[in-house]
Amino acid sequence: MARRSARGSQDHVIDLRSDTLTKPTDEMRAVMARAEVGDDVYGEDPTVALLEERVAGMFGHEAALFMPTGSMANVLAVRSLVAPGQEVLCEASAHIARAELGAHGAYSGVTMRTWIHPRGQVDLPTVRTLFAPDMGPFFVRTTAISVENTHNFAGGAVLPIQDLRDLREYATGVGVAVHMDGARIWNAHVATGVPLAEYGAIADVLAVCLSKGLGAPVGSLMVGSADAIAEARVWRKRMGGGMRQVGILAAAGLHALDHHLERLADDHAHARLLAEACGVDPVAVDTNIVVVQHADALGFVAAAREAGVLVSAVGPTAVRLVTHLGVSRVDAERAASVLATL
Ligand SMILES: Cc1ncc(COP(=O)(O)O)c(C=O)c1O
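Treat the numbers as computed from the prediction; the structure is a model and nothing was measured.

**Quick word on the overall build of the protein chain**
Here is step 1: Looking only at helices and strands, one finds 14 helices and 14 strands in the protein chain.
Here is step 2: The C-alpha radius of gyration computed for the protein chain amounts to 20 Å, which stays within 12% of the reference 20 Å derived for 342 residues, consistent with globular compactness.
Here is step 3: The long-range share in the protein chain, meaning contacts at least 24 apart out of those at least 6 apart in sequence, stands at 73%.
Here is step 4: Total accessible area on the protein chain is roughly 14,300 Å²; 56% of this is exposed by carbon and sulfur atoms.
Here is step 5: Of the side chains in the protein chain, 29 bear a positive and 38 a negative charge, and the two mean positions are spaced by 6 Å.

Here is the structure:
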């Protein structure tokens, strides 16, 4: 995309609205074009099978299921743990609570109660007070606890592994399951060096996305036990998510895992650079998302757009910047100098 800036020169627009905006690279398009395919509803797409096996293995789980979106992966993952009329506990600004349009209630009859943490972290003392055991016909029973790592609306915050281990221990002790929304688990892994299998060991089921920082055009997976995945396969079809020759999309995911995982460290460095320019403490920026407080978020967004940088308002006084595959070092430096003036 090109535009004529307020200064009159022909500049390229730098898009920091989301890491979902990445476009497939030429190399990715080439592997997609060559992918071996079959009908995946018949279980005959070899590239999808390869991706599912690889991602399950990365997290130390038995199986995985490829699907179009992270939202669908979350819905099927949570419903595998929580029956209609039961509840999942999660942080109040979790994607499952705030941004899936009530899907867990609308499709699965699942209710939610939430704790609030400004950085989306696990608040175990509050979780303990929220937890509701089976009380027969009196109270909604808690059957799962959900965590989001990294936490999108908390500015890409990483959940410390020790907090997650403590949560796992608590959940096992009271007999409830753990769901992890790992749409950006890759960023957490690269930022902390914690192996993906260690994150996998925390959760009974995970949802992971290929279409965020990894740069695939589409695709997410639910990861879990063979039984949970077999059941989710039926529910995916029931919800209209049975896909056919999607090896072309799975190939993009495999390519992203091979070539776009380690480079997330660059996105994190670019985010810190932007944070510094905007007066945000870079130490508070764990991964690729920066939240900037500004008295007039919409005014900031408009002025940045005028100067060739796209950012989004996520509240009346909060602006979000997200770095990704489509933002080079030079872009990050230019955006930093533009945003610093605002
Ligand atoms: C934390 C988190 N979970 C789930 C999703 C849902 O992914 P999708 O847009 O593929 O449905 C998103 C999307 O941004 C997200 O940020």
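Further notes follow.
**What to know about unusual backbone geometry**
In most cases, non-glycine residues show a negative phi, while peptide bonds are predominantly trans.
Here is step 1: Residue Thr150 is reached from Asn149 by a cis peptide bond, and omega for that bond is 0 degrees.
Here is step 2: Summarising the element assignment, Thr150 is placed in the loop between β7 (142-148) and α7 (161-174).
Here is step 3: For Leu101, which is not glycine, the phi torsion reads 55 degrees and is therefore positive.
Here is step 4: You can see Leu101 is positioned in the loop between α4 (95-98) and α5 (103-108).
Here is step 5: Since its relative accessible area comes to 82%, Leu101 is described here as exposed.

**As for the pattern of salt bridges**
Here is step 1: Summed over all chains, the structure comprises 14 salt bridges.
Here is step 2: The salt bridge partner of Arg184 is Asp19, with a shortest N-O separation of 2.8 Å. Residue Arg184 is located in the loop between β8 (177-182) and α8 (185-192), and its partner Asp19 is located in the loop between β3 (14-15) and α1 (26-34); the two are separated by 165 residues in the primary sequence. For the pair Arg184 and Asp19, one class covers both residues: buried.
Here is step 3: As a salt-bridge pair, Arg54 and Asp258 come within 2.9 Å of each other at their nearest N and O atoms.

**Concerning the confidence of the model for the protein chain**
Here is step 1: In the predicted model, the protein chain carries a mean pLDDT of 96, and the fraction of residues at 70 or more is 97%.
Here is step 2: Averaged pLDDT values over the elements of the protein chain bottom out at 42 in strand β1 (residues 2-4) and peak at 99 in strand β9 (residues 205-209).
Here is step 3: Between residues 1-10, whose pLDDT stays under 50, and residues either more than four places distant or in other chains, the model counts 16 contacts.

**Considerations on the sheet that holds strand β14 (residues 318-322)**
Here is step 1: Spatial ordering of the open sheet is given by β11-β14-β13, a layout of 3 strands whose pairing is antiparallel. Since the sheet does not close on itself, it has two edges, and those belong to β11 (289-293) and β13 (312-315), each with one partner. Along the sheet, successive strands turn relative to each other by an average axial angle of 35 degrees, direction set aside.
Here is step 2: The pairing of β13 with β14 spans 3 bridges and is antiparallel. Note that in β14 the partner of Ala313 across the bridge is Val319.

**Here's the deal with the site of the ligand**
Here is step 1: In the neighbourhood of the ligand, the contacting residues comprise Thr69, Gly70, Ser71, Asn74, His95, Glu100, Glu148, Asn152, Asp181, Ala183, Arg184 and Lys212.
Here is step 2: Taking Arg184, its side chain carries an N or O atom lying 2.8 Å from an oxygen atom of the ligand.
Here is step 3: Relative to its free-state accessible area of 390 Å², the ligand is covered by the protein chains to the extent of 83%.
Here is step 4: Per-element tally for the shell around the ligand: the top contributor is helix α3 (residues 70-79), with 3 residues.

**With respect to the side chain of His104**
Here is step 1: If you trace the backbone, His104 turns up in helix α5.
Here is step 2: With a relative accessible area of 1%, His104 lands in the buried category.
Here is step 3: Separated by 2.8 Å, the side chains of His104 and Glu100 make a polar contact.

So, how was this worked out
- Numbering of residues starts from 1 in each chain and follows the order in which that chain's sequence is written.
- Residues qualify for local features only when their pLDDT is at least 70, as the model is predicted, and side-chain atom pairs are given and counted only at 80 or more; totals for whole chains, interfaces and linings, by contrast, use all residues.
- Computation of side-chain values: all heavy atoms of the structure, hydrogens and water removed.
- The helix count covers DSSP runs of H or I at least four residues long, the strand count covers runs of E at least two residues long, and both are numbered beginning at the N terminus.
- C-alpha atoms define the radius of gyration in this analysis, and the globule rule sets the expected value at 2.2 Å times the number of residues to the power 0.38.
- Between two residues, a contact is recorded if the distance between any of their heavy atoms is within 4.5 Å.
- What sets the accessible areas is the Shrake-Rupley method with a 1.4 Å probe; for residues, cover comes only from the shown protein chains.
- All tallies of charge rest on Lys and Arg as positive and Asp and Glu as negative; His and the ends of each chain are not included.
- Charged groups are reduced to one reference atom each: NZ for lysine, CZ for arginine, CG for aspartic acid, CD for glutamic acid.
- The buried label goes to any residue with under 20% of its type's maximum accessible area, the exposed label to any with over 50%, and the partly exposed label to all in between, with areas taken from a 1.4 Å probe on protein chains only.
- Should a side-chain nitrogen of Lys or Arg be within 4 Å of a carboxyl oxygen of Asp or Glu, the pair is scored as a salt bridge.
- Values of pLDDT, ranging from 0 to 100, describe the predictor's confidence in every residue of the model.
- By the convention used here, strands pair only if DSSP detects at least 2 bridges between them.
- Here an axis means a line fitted to C-alpha atoms, over the contact stretch when the element is a helix, while the angle between two N-to-C directions is reported on a 0 to 180 degree scale.
- To be near a molecule or strand, a residue needs just one of its heavy atoms within 4 Å of it.
- Here a polar contact is taken to be a pair of N or O atoms separated by no more than 3.5 Å, where protein atoms must pair a possible hydrogen donor with a possible acceptor and residues adjacent in sequence count only if both atoms sit in side chains.

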